[in-house]
Amino acid sequence: MLEKERITQIADDLAAAERERTMIPRLTQQYPEMTVEDSYAVQNEWRRRSEASGRRLVGRKIGLTSKVMQEATGITEPDYGAIFADQVYENGSVIRHDQYSNVRIEVELAFVLRDELTGPNVTIFDVLRATEYVVPALEILSSRLEMEGRTIVDTISDNAALGGMVYGGNPVAPDSVDLRWVSALLYRNESLEDTGVAAAVLNHPANGVAWLANKLAAHDDTLPAGSIVLAGSFTKPMWVHPGDTVHADYGDLGAITCRFE
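Residues numbered from 1 in each chain as written. Predicted model: local features only at pLDDT ≥ 70, side-chain atom pairs only at ≥ 80, totals over all residues. Heavy atoms only, no water.

Enquirer: Would you explain helix α3 (residues 36-52) in this entry?
Expert: Taking 1.5 Å as the rise per residue, α3 with 17 residues should run 24 Å; its terminal C-alpha atoms sit 24 Å apart, in good agreement. Turning to α3, its buried residues are Asp38, Ser39, Tyr40, Val42, Gln43, Glu45, Trp46, Arg47 and Ser50. Among the residues trailing α3, Gly54 stands out with phi positive, at a value near 105°. (Helix = DSSP H or I, 4+ residues; strand = E, 2+ residues; numbered from the N terminus. Expected span 1.5 Å × (residues − 1). Buried < 20%, exposed > 50% of the residue type's maximum accessible area, 1.4 Å probe, protein only.)

Enquirer: Explanation requested: the packing of aromatic side chains in the structure shown.
Expert: How two aromatic rings sit relative to each other is set out by the distance from centre to centre and by the angle between their planes. Applying the stated criterion to the full structure yields 3 aromatic pairs. A centroid spacing of 5.6 Å and a plane angle of 70° characterise the contact between Trp46 and Phe84, whose relative ring orientation is edge-to-face. Taken together, the residues Trp46 in helix α3 and Phe84 in strand β2 (residues 79-84) connect sequence positions 38 residues apart. Taking the ring centre of Trp239 as reference, the NZ or CZ of Arg104 above it sits at 5.4 Å. (Phe/Tyr/Trp six-rings, centres within 6.5 Å; stacked < 30°, edge-to-face > 60°. Lys NZ or Arg CZ within 6 Å of the ring centre and 35° of its normal.)

Enquirer: Please explain the nonpolar core as it appears in this structure.
Expert: What tends to happen in soluble globular proteins is that the nonpolar side chains get buried as a cluster. Within the largest apolar cluster, 62 residues are counted, with the highest numbers of intra-cluster contacts made by Leu138 and Tyr250. The element best represented in this core is helix α7 (residues 205-218), accounting for 6 residues. Beyond its immediate sequence surroundings of up to four residues, Tyr250 is in contact with Val107, Glu108, Leu109, Pro136, Ala137, Leu138, Val182, Ser183, Ala184, Phe234, Ala255 and Ile256. Grouped together as the second largest cluster of nonpolar side chains are 10 residues, Val58, Ile83, Leu162 and Met165 included. (Core = buried A, V, L, I, M, F, W, Y, C linked by side-chain atoms within 4.5 Å. Contact = heavy atoms within 4.5 Å.)

Enquirer: Would you mind showing me how to read the environment of Arg49 here?
Expert: Secondary-structure assignment places Arg49 in helix α3. Residues Arg49 and Ala11 lie 38 residues apart in sequence; the distance between their C-alpha atoms is 9.4 Å. When near neighbours in sequence (up to four residues on either side) are disregarded, Arg49 contacts Thr8, Ala11 and Asp12.

Enquirer: Quick question: what am I supposed to make of the environment of Asn102 here?
Expert: Tracing the backbone through its elements, the reader meets Asn102 in the loop between β4 (94-95) and β5 (104-113). Separated by 157 residues in sequence, Asn102 and Arg259 place their C-alpha atoms 16 Å apart. Within the structure, Asn102 has its side chain in polar contact with the backbone oxygen of Ser143 (distance 3.2 Å). (Polar contact = N/O pair within 3.5 Å; in protein donor to acceptor, adjacent residues only side chain to side chain.)

Enquirer: Just to check I follow, could you spell out the UniProt feature "domain: Fumarylacetoacetase-like C-terminal" (unreviewed entry) in the protein chain for this structure?
Expert: Mapped onto this structure's residue numbering, the UniProt feature "domain: Fumarylacetoacetase-like C-terminal" (unreviewed entry) falls at residues 90-260. In this annotation, residues 90-260 is assigned 16% helix and 35% strand; the end-to-end C-alpha distance for the span is 13 Å. (UniProt positions renumbered as here; feature names shortened; annotations may be inferred.)

Enquirer: I would appreciate a short explanation of the pattern of salt bridges in the present structure.
Expert: It is possible for side chains of opposite charge to pair when their charged atoms get near one another. Taken as a whole, this structure holds 16 salt bridges when the rule is applied. The residue Asp86 makes a salt bridge to Arg55 at a minimum N-O spacing of 2.8 Å. Separated by 31 residues along the polypeptide, Asp86 in the loop between β2 and β3 (88-90) and Arg55 in the loop between α3 and β1 (57-63) bring together distant segments of the chain. As a salt-bridge pair, Arg188 and Glu193 come within 3.3 Å of each other at their nearest N and O atoms. A relative accessible area of 34% places Glu193 in the partly exposed class. Salt bridges sharing common partners tie together Asp12, Glu45, Arg48 and Arg49. (Salt bridge = Lys/Arg side-chain N within 4 Å of Asp/Glu carboxyl O.)

Here's what the structure looks like:
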């Protein structure tokens, strides 16, 4: 693994890029020997600093769980990142575009846990039992790293490119609908841009949550009760610009709208 001083330097560089709304060169270009474990060490340093500054961890995001997302990035395995309370927006929010870099939107489902999930060996059935409700959500992507040629090491270090999330629509119990068949229509400025079905996420979005609980266990971590888990996108990332209105129609599960200024 990279030495601690190098991990700290990378975390410093990413923090500066976030403050200044800039990008730094790919880490795999700067440090070809960098591993997945190194990248999670960088992310954990970033998370530690955030919590030390008073930010409150409220959940996790899972990325790269669907073939459409893996094809869009050229990365073939999932990753995860941290969600803080100041990154969560309500339905109808007006969101500052300039606080992010390379802003894109993805369509997802968010699981809110009633009970703690601790791996290893968590199954889809454990996830469904532990979930209080599932609600439509949009993920706001923001990349602090050069995007061309990124690998899983780059995306994990960059907190899995999380900028924020917007939730809305109708919360539902996990056994009240067939979550595999939840679908959405994604609009930008009243123009239909993409559609998707939640089964694209590992055949069932709860499989993503199970993967996360088991992956966290390998890092001596867990999903506490009350956690919000963004289970993974079932549409391609959609670029958004200042002045854009985004609308996602989830049918019986309602809709989410937000505007970027």
